[in-house]
Amino acid sequence: MNFEGEDKLELQHLAGGNIVTQEPVFSEQGRFLFLRSGLKVLVFVSRTGELTRELTGATAPMISLELELNQPEVLVGCTSTGQLLRWHWRTGVLQKTTPMRLKGGSELQVATCNFLNLYKEGDTACAFVTAKRRAGQKLLWFVVNTSTGAVINIECGLQLKVRTPQVDVGKKGYKYIVISQGYYVYFVNYDNWQFIRYKNANCTLVTCIRFSPAEEAVATGDEQGRILIWRQFGNHKTMKNALYHWHHTAVTSIAFTPTGANFYSSGMEAVLVKWSMARPQHREFVPRMSSIIRHVIVSDGNEHIAVCTDDNAVQFVGPTDQSLISSLQHFTYSVPDKTGKSLFPLGLCLNPRTNTLVLNGRVGHLQFYSAYTKSLLYNLRVVKANVLNYETDRIIYNTRVTRAAFNIDWMATGEVYNDEKNFTEVRLKFWLYNEKLQRYILNTHIEMPHQYGFKSITFSNQFQVDHLRCATIGKDHVIKLWGIAKSENIYKGGTMWNCLAQTSYKNFPIESICFSQDGSVLAAGYGNTLCIYDARTLALVHALTPPGGYDGVASKVQLRLSKTPLNGARKELTDQRQKLWTILKTLLISDDQKLVQEANQLIAAAPRTILKPDDAPLDDKGPSIFKYIMQMPELSLHQKLQLFRSFGIECSIPEQCCKRLVAHLQSCVVPSSSRFKFLGGRLQRISLRHRFKAKQRLTEVKTRQQQYEQIVNEEVLPLLSVLQLDTQTQPAIAHKRKRTQSTATPKPRPVPCPMQSLAEISHVQFGAGGQAHLVTVCTDSRVLIWNLMTLRLQAGLKLSVKHVAFDPQTNLLAVVTRNQELHVFQPNVPLPVYQRFNIPKLYGLVWLPRRQPKQSSINIDWQAQSTLHMLTETQEIVYLAPPGVGLSDGEPAPVAFTQPASEMLQYATFGSYALKQQRANDTKNSKGANSGPLIVGQRKTNVPNALINLSAHTMPAMSLICGQFIKSLLTPAETTSRHNSLMGQGQGQRGQYLSNGTVNGNGLPHEGSDVDDDLEADDEVKAMAKSLKARKTLLAQNSTPVGLSSQEAELALEAKLQRIRSLDISLEL
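A brief look at the structure comes next. (Residues numbered from 1 in each chain as written. Predicted model: local features only at pLDDT ≥ 70, side-chain atom pairs only at ≥ 80, totals over all residues. Heavy atoms only, no water.)

**Remarks on the sheet that holds strand E49 (residues 792–797)**
Line of reasoning, step 1. Pairing within the open sheet is antiparallel, and its 4 strands lie in the order E46-E47-E48-E49. The open sheet terminates on both sides in strands that have one partner only, identified here as strand E46 (763–766) and E49. Averaged over neighbouring strand pairs, the angle between their axes works out to 20° when direction is ignored.
Line of reasoning, step 2. Sheet topology note: the strand E48 (residues 783–787)/E49 ladder contains 5 bridges and is antiparallel. Among the inter-strand pairings, Ile 785 is bridged to a residue of E49, identified as Ala 795. (Pairing = 2+ DSSP bridges. Helix = DSSP H or I, 4+ residues; strand = E, 2+ residues; numbered from the N terminus. Axes fitted to C-alpha atoms, helices over the stretch in contact; angles between N-to-C directions.)

Right under this line is the structure:
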């Protein structure tokens, strides 16, 4: 099937996106906060953290965001391509887009943009813009009219360096521009455009700058943690500065208070420091922030202090007591460190209790994210230890949560501390969910359950608690089975987890385990062997190994060397073979690297006999030799290519694979000169005393690269000529081909084989439901499906799997290969239901059940029951959906009440909501709209199902809505009148209705009604008519009420009869 042409799905963004890369901006009174996220500007309420609106319209990432100086209701953003966007941020309307007409054209990339208190040739403030050119060239600066985008000519001799600058502008009457590049600090007076340059102390790099809002003073922070306050910087002789030093790492941000008497600073220590300008020794601290602080912003009225941390959070600190007030965070980022380990070792998991996504976040934490509400629920602290702060010249190791498993009541976590020097600390923790506290409580803490770390943790069942088991595997290749037992603690009763059994298999490496659906069988992948255990005792039941070559590699190798000299063999060959035989026998019982090197030297020194092209076999024998070699599964692809070259056989591959293989080989084998050009440009930025050493190192790298190219041309490219892939990667000297070869018939193209490697099982997954007897096993180059009923291999796929996710509701298996390809299939029929290529690199993927499953087949919509979510390496959660379709589409609308809300209901949680709905529906009813007592979204939606699907914590007391719910099930009088009008139209027409079944129980015509229902409705109408006739007789007998004249009584009777006639039933007087 051609999935590429029929694929209508796109990757939709669910969560992620860094909001702290750029510095946020407060509104004029500090009530709102503007954050940049990708191509959007997010507007949040400062007190509640509520997202009010999104400002869109940008086509490139924004590098600056400021309020218009004279119009605080207008927000101006500048993109990296030089576009100025103006929003009226209260209404979210994009008013104007103005492109900058910079000198240099589209090659320039805007680096910074700051508004000046300068108005020329327009009613809007001018902007000071710096732009980048090519690598290694100096930066340019411009003064731009923001209303027209034109550049204003300024006579100033300021010339900037190559490094990206940091710019700040004085406010109010302080008309200075402060620029820092490296260890240089420039002060530019934009009133007369005179500038002066200073060097930072000890030529230390400046990391941040800030202009004071209350005086002519500038604060700069450097890499050594020092903060300098610059005053009277208009002249070298009168310049003064003061030193403020506490940070031991680079200063990341500085922010002044509105009065200028104090300022805040931050560094890599995750500590916020408040300084007093008058007393440098007086400091106040806010320690142990959630992560490294990147930006500190103070509102104009000093009401809010926003602290942006590296974990993608904005935390608000009180200005008086420096206490943490609130936190704004929608997705937690994992901060990269210098250890080189994965940022998300847990991948992407599903909590079956609330169907929330669980993944790594802060150091030692797990974050729980709800895809239904698109919000971060909470961060759970798993590691009960202090987080070690970042240091410049050291690699800091912290305890990390590497594995986790979830049950409806239990959670198991595995944490590891490994500093590559001391003994590894490993802990296994079991957490029980507390219903009253609505959070996880630590139940059992086990020290050193495994050595060196965890490989996998899994529960025997996700939704059952009785007879629950938990299996763990570690890097010591041991499986341990854990169970619940009564606590032996005399101070605290209850339950605890203890080890029931443990096992291993021939000391083979193990990567994955999986329980069957009923929890009675445990499958483990040891090497290339699938071991089946009894889940109660870990007794080995079966050990299944695929036949030779089915797992992608040879299961065994036979090597025959003659003990006696062969006829005609040279003596040196015989001696060499005997030495090699001795070494190979020794290697079977030892793993000595010296023997391996000696064997390689013997093999390399052996005389080679290569067939010349003239001695190649005849053309009629070529196809038979090709087929014979291709049918040898014990040979790898490299060995087959060498045999083809020896026999002079050339083969071709399909065009689809040819393009991808050539692109891969060009990116991996053929070196690119762009990297050397980039390094050459970086040499211009280095100081003269270090430039010579850097240039010498670059020369050595180029020399090694040339040697590598020679090896590639001599060894690799001749093998590529066998596959006819050397059209773009061949050496300079190419052999000429005869013209007759172009007219020859094309040779048959063999099926491409994946690269071979050792067969080790990386993933094991049981089926569910009717496919519970199938076990899917993934190796580096194959996907094998075992049938435990027959103990035979049922199917196999040539896929190199990296990530696996299984959906128990639909038995769909989603695998992501190492070539970034997505394949979705069922184990019983390993044909692709969906395929997608060129997906982003992932940390993990998981199936999330839908709130409202769709009633469609998986062949039509394979995500009808569950949606596949993926965690990319850019720390974003994405899913596949048609354009413009979200996860919440198709869900029922909220419940709306039309009956008047009772007095008690008004004091419930959503009493005011019910009153608003009542007023809106009263307006509709006055216009003749038909509505019942309870409306749930559309009329076709079932009322009881809608009420059941409501969340319990959002509903009022059942005693308050029970009466209204019962009334919603009754038929309104309006429907009865319509039914009576239809039934009283005559016998012929009524017979037509009865015969065709076009009248339903409520008097509305539709197809498919039963005759019995219509007859019952007819009997009800007759009974109602009889009752009304009796009422009419009584009214006639009491036609003259007491105290009324005959004329008034007649008028009253006539009014009553008119009300009866409104029922549209004919009565005989």
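**Focus on the pattern of salt bridges**
Should their charged atoms come close, side chains of opposite charge can pair.
Line of reasoning, step 1. Scanning all chains against the criterion turns up 19 salt bridges.
Line of reasoning, step 2. Its salt-bridge partner being Arg 226, residue Asp 222 comes within 3.1 Å of it at the nearest N-O pair. We note that Asp 222, like Arg 226, is buried.
Line of reasoning, step 3. In this structure, Lys 455 and Glu 511 form a salt bridge, with 3.1 Å as the shortest nitrogen-oxygen distance. Remark: Glu 511 occurs in strand E42 (residues 510–515) and Lys 455 occurs in strand E38 (residues 454–459); sequence separation between them is 56 residues.
Line of reasoning, step 4. The class of Lys 455 is buried, set by a relative accessible area of 16%. (Salt bridge = Lys/Arg side-chain N within 4 Å of Asp/Glu carboxyl O. Buried < 20%, exposed > 50% of the residue type's maximum accessible area, 1.4 Å probe, protein only.)

**Observations regarding the sheet that holds strand E8 (residues 83–88)**
Line of reasoning, step 1. Taken in spatial order, the 4 strands of this open sheet run E6-E7-E8-E9, and their pairing is antiparallel. Pairing within the sheet leaves two strands with one partner each, and these edge strands are strand E6 (62–67) and strand E9 (93–99). Averaged over all adjacent pairs, the angle separating strand axes in this sheet is 20°, with direction ignored.
Line of reasoning, step 2. In this sheet, strand E7 (residues 74–79) lies alongside E6 in antiparallel orientation, the contact comprising 5 bridges. Across the sheet, residue Ser 64 finds its bridge partner in E7, namely Cys 78.

**Overview of the pairing of strand E24 (residues 272–276)**
Line of reasoning, step 1. Of all 5 residues in E24, 5 are buried, a share of seventy percent or more.
Line of reasoning, step 2. Burial along E24 is two-sided: the residues Leu 272, Lys 274 and Ser 276 and Val 273 and Trp 275 are all buried.
Line of reasoning, step 3. Bridge analysis of strand E23 (residues 262–267) against E24 gives 5 bridges, and the strand direction is antiparallel. Each residue of the ladder has a partner; that of Phe 263, found in E24, is Trp 275.
Line of reasoning, step 4. Connecting E23 to the antiparallel partner E24 that follows it, the hairpin turn spans 4 residues, and Ala 270 within it adopts a positive phi of roughly 60°.
Line of reasoning, step 5. One ladder, built from 4 bridges, connects E24 with strand E25 (residues 283–286); its direction is antiparallel. If you follow Trp 275 over to E25, its bridge partner there is Arg 283.
Line of reasoning, step 6. Taking the residues between adjacent antiparallel strands as the criterion, E24 and E25 are bridged by 6 residues.

**Regarding the packing of aromatic side chains**
Line of reasoning, step 1. Overall, the coordinates contain 33 aromatic pairs when judged by the stated rule.
Line of reasoning, step 2. With centroids separated by 4.3 Å and ring planes inclined at 10°, the aromatic side chains of Phe 187 and Phe 233 adopt a geometry described as stacked. Of the two residues, Phe 187 is situated in strand E16 (residues 184–189) and Phe 233 in the loop between strand E20 (226–231) and strand E21 (240–245); the sequence distance between them amounts to 46 residues. Like Phe 187, the residue Phe 233 is buried in the burial classification.
Line of reasoning, step 3. Among the aromatic residues, those joined into a cluster by ring pairs are Tyr 174, Tyr 176, Phe 187, Tyr 198, Phe 211, Trp 230 and Phe 233.
Line of reasoning, step 4. In this arrangement the basic side chain of Lys 161 is found over the ring face of Tyr 184, its NZ or CZ atom lying 5.7 Å from the centre. (Phe/Tyr/Trp six-rings, centres within 6.5 Å; stacked < 30°, edge-to-face > 60°. Lys NZ or Arg CZ within 6 Å of the ring centre and 35° of its normal.)

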